[in-house]
Amino acid sequence: MSRLFGTDGVRGLANGLLTAELALQLAQAAAVVLGHDRNSNGSRPRAVLARDPRASGEFIAAAVEAGLSSSGIDVYDAGVLPTPAAAYLVADLDADFGVMISASHNPAPDNGIKFFARGGQKLPDDVEDAIEAQMTKEAVRPTGPDVGRIQRFSDAEDRYIVHLLRTLPHRLDGLTVVLDCANGAASGCSPQLFKDAGADVIVIGADPDGLNINDGVGSTHLGPLKEAVVKYGANLGIAHDGDADRCLAVDHEGNEVDGDQIMAILAIALKKSGKLKDDVLVATVMSNLGLKLALRDAGITILETAVGDRYVLEGMRDGGYNLGGEQSGHVIFSDHATTGDGLLTGLQLAAQVALTGKPLKELATVMTKLPQVLINVKGVDRSRVGSSDVLAQAVAAAEAALGDTGRVLLRPSGTEPVVRVMVEAADEETAQSIAEHLAQVVRTELALELASN
């Protein structure tokens, strides 16, 4: 039987994989593993629950709350809020754990359930495995006064916004900011946050109807934001995804500013203020080489991790570092958050525009993005990427040709017979040529019919 938990909780088609029955079982199992087994003060365990505005989130939340409360967990229902808000509120309330119901940037028919441990921390694999194992056992079913209670977490949004405002290095007075909330979880609190921070706010993608989340808007569809920023003459635009744990930006001319550029701006700003721990940024192997070159010139070291914000978090925790993230816009400020936070990231980025008096376009020039070509080679034996001498020689030759002006990365897919060939170079033509050559070597050397040879 395949593992139920994926890279970010349990996710799938609502009423397909993710049924009310499964949500109930997951909640009952989590009640034991994250609640009763870890609660040592004798009080009834407490959980914070939040969701994005997908229509299916309503019945899934009801099932989760039923599972938790029937297992003796008090539930604080925070309603529609971003994923990072749920994580923060678990810590702020000193709850035993939290539940976020969302499928992030996926389309509306999908949904997901993710758990946070005490302190708002993501779960390691072994704890997720323990929850899956508990699902095969008899549920805990207290009676009488020992059943859990469900109550509305009425000041959840206010607590989160106040927390974010306390992180501001500079108010946003005088800035005009366009916010694209992806018709998602940030639709209520992001506009309020930026207004409270002093910005003049123009909002798009903030009319969720349960079915339009991520539909042509948000961080995966930047077109409407680019048009709005230029139309209204705004200083910058901020795009969230459905659960608002990521942030991409647009400068005043409508140019995209991706996660690598955002991290470069913020890392350099933190270093100048003496607040970047050990002058280290944690980023994945997929970050553009231009980021590493720019930060090297600024006296900042990049610690590289595997792809995925959970690996970035692990790298940050292991070294005690306080800034990390991904090209996709997951940026983690561990001084203020336990997970990627699109509102916090957008706020800090806008504050740098206000503090320096420089347009975002100028700030983004701290790094030069090298042309990057990615080719997915399908139908190959991904397990042999590290053992093929011919492939190793081809990669070495490509790296020698590129020198310090480029980079080669071969990544086997974790789930499919696919090898991803990524090449960065000083110009697009060189990157394309080398990537195509390496892709052909992969096809020839790792063809599935050769796997047994």
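Whatever comes next refers back to the structure up there.
A few points on the structure. Just so it is clear, the structure is predicted and the values come from calculations on it, not from any experiment.

1. As for the environment of Pro142
When you line up the elements, Pro142 lands in the loop between helix 4 (125–134) and strand 7 (150–152). Overall, Pro142 belongs to the partly exposed group, its relative accessible area being 22%. Linking Pro142 and Ser70, residues 72 residues apart in sequence, is a C-alpha distance of 7.1 Å. Excluding residues within four positions of it along the chain, Pro142 makes contact with Ser70, Ser71, Gly72 and Val147.

2. Quick word on the environment of Asp309
Structurally, Asp309 is set in helix 10 (residues 309–319). Asp309 sits in the buried class, given a relative accessible area of 10%. Distance in space between the C-alpha atoms of Asp309 and Gly98 is 18 Å, their sequence separation being 211 residues. Ignoring anything within four residues of it in the chain, the contact list for Asp309 reads Lys122, Glu326, His330, Ile332 and Thr339.

3. Looking at the side chain of Thr339
With respect to the helices and strands, the residue Thr339 is situated in the loop between strand 16 (331–333) and helix 11 (342–356). The class for Thr339 is buried, based on a relative accessible area of 2%. Setting aside its immediate chain neighbours within four residues, Thr339 contacts Pro84, Ala87, Lys122, Asp309, Val331 and Ile332.

4. Considerations on the side chain of Arg310
Checked against the element boundaries, Arg310 lands in helix 10. Exposure remark for Arg310: the relative accessible area of 13% places this residue in the buried category. At 2.6 Å, the side chain of Arg310 forms a polar contact with the side chain of Asp125. Discounting residues that sit within four places of it in the chain, Arg310 has contacts with Gly6, Thr7, Leu123, Pro124, Asp125 and Glu128.

Calculation rules
Residues numbered from 1 in each chain as written. Predicted model: local features only at pLDDT ≥ 70, side-chain atom pairs only at ≥ 80, totals over all residues. Heavy atoms only, no water. Helix = DSSP H or I, 4+ residues; strand = E, 2+ residues; numbered from the N terminus. Buried < 20%, exposed > 50% of the residue type's maximum accessible area, 1.4 Å probe, protein only. Contact = heavy atoms within 4.5 Å. Polar contact = N/O pair within 3.5 Å; in protein donor to acceptor, adjacent residues only side chain to side chain.

What is shown is where atoms sit, not what they do.
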